[in-house]
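# Chain and residue survey
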Amino acid sequence: PGLNGRLDQLTGLVDDMAAQAEGVSDTGLDLAVLPEAAVNAGLEGDAASVAFPLDGPVRARMADVARRHHCYIVLPMFLAEEDDGGYSNACVLLNRDGEPAGTYRKVFPVAARGQDLLEGGVTPGAEFPVFDCDFGRLGIQICFDGCFAEGWAALGAAGAELVVWPTMSPQTVRPALYAYQHGYHVISSTWRNNA
């Protein structure tokens, strides 16, 4: 629907989550986790043609909804890196004030069959950071990262209490195994009707 239309959809999803949380939580929504590449989903082309920088409309709109609902947001997107001109499949964690609390860059991007570029030209990340939130320690994995034990183990060793997994995959067995092995909880977020 274009960037503004997509941001309307995403802020609407967070609004819906907050409304649902009011009925079951005394504190409201603490964390909204959007699906993989939520900002860019549906766009076609290489990473250079579908990626957006965080600063600008993406940050302004999503920071506003984070502040409005006083919640953290995991914002998955193909990110145009402002410091080196590269591109990442990333999740930006916005805090309750709408400020970036950290960024995870997918360590294991995949090449589509018959293509040499990883996810249209993204640069793989190199770290598995854990972010301190006021509700606990949060780690992030993205889609195909789920196939590699290394990241899940690193997050456990770093003290993650919750791992969010924005993905295009509806699988649950492997992340449940990692949650059991490493003593944390896993939240997955995927697009509806993708199985």
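Attention in this report is confined to the structure presented alongside it. (Residues numbered from 1 in each chain as written. Predicted model: local features only at pLDDT ≥ 70, side-chain atom pairs only at ≥ 80, totals over all residues. Heavy atoms only, no water.)

## Some points on the overall build of the protein
Helices and strands together make up the secondary structure of the protein, namely 5 helices and 8 strands. Element order for the protein, N to C, with α for helix and β for strand: α-β-α-α-β-β-β-β-β-α-β-α-β. In terms of C-alpha radius of gyration, the protein reaches 16 Å, essentially the compact-globule figure of 16 Å for 195 residues. Summarising its shape, the C-alpha atoms of the protein cover approximately 50 × 40 × 35 Å along the three principal directions. Per-residue burial over the protein gives 46% buried out of 195 residues. (Helix = DSSP H or I, 4+ residues; strand = E, 2+ residues; numbered from the N terminus. Rg over C-alpha atoms; globule rule 2.2 N^0.38 Å. Buried < 20%, exposed > 50% of the residue type's maximum accessible area, 1.4 Å probe, protein only.)

## Description of the packing of helix α1 (residues 2–22) against helix α3 (residues 57–69)
Viewed as axis vectors pointing N to C, α1 and α3 meet at an angle of 15 degrees, and their least axial separation amounts to 10 Å. By the criterion of interaxial angle, the relationship of α1 to α3 is roughly parallel. Like other packed secondary-structure pairs, α1 and α3 cross with a definite hand, here right-handed. Residues Leu3, Asn4, Leu7, Asp8, Leu10, Thr11, Val14, Asp15 and Ala18 of α1 form the contact with α3, whose participating residues are Pro57, Val58, Arg61, Met62, Val65, Arg68 and His69. Among the residues making up the contact of α1 with α3, the classes are represented as 9 nonpolar, 3 polar and 4 charged. (Axes fitted to C-alpha atoms, helices over the stretch in contact; angles between N-to-C directions. Parallel < 35°, antiparallel > 145°, perpendicular 65-115°, else oblique. Left-handed = near helix turned anticlockwise from the far one by under 90°. Contact = heavy atoms within 4.5 Å. Nonpolar A, V, L, I, M, F, W, Y, C, P; charged D, E, K, R; others polar.)

## Let's talk about the layout of surface pockets
Of the voids in this model, the largest pocket is the one considered here, and its volume is about 250 Å³. Leu13, Asp16, Met17, Gln20, Val33, Leu34, Pro35, Ser189, Thr190, Trp191 and Arg192 together form the lining of the largest pocket. For the lining of the largest pocket, the leading source of residues is α1, giving 4 residues. Among the residues forming the lining of the largest pocket, the class breakdown is 6 nonpolar, 3 polar and 2 charged. In this model, the second largest pocket occupies a volume close to 180 Å³. When the residues that make up the lining of the second largest pocket are grouped by side-chain class, the tally is 7 nonpolar, 5 polar and 3 charged. (1 Å grid on protein atoms, 1.4 Å probe; cavity = no way out; pocket = protein on both sides within 12 Å on 5 of 7 lines; lining within 4 Å. Points joined across faces, edges and corners; volume = space filled by probe spheres on them.)

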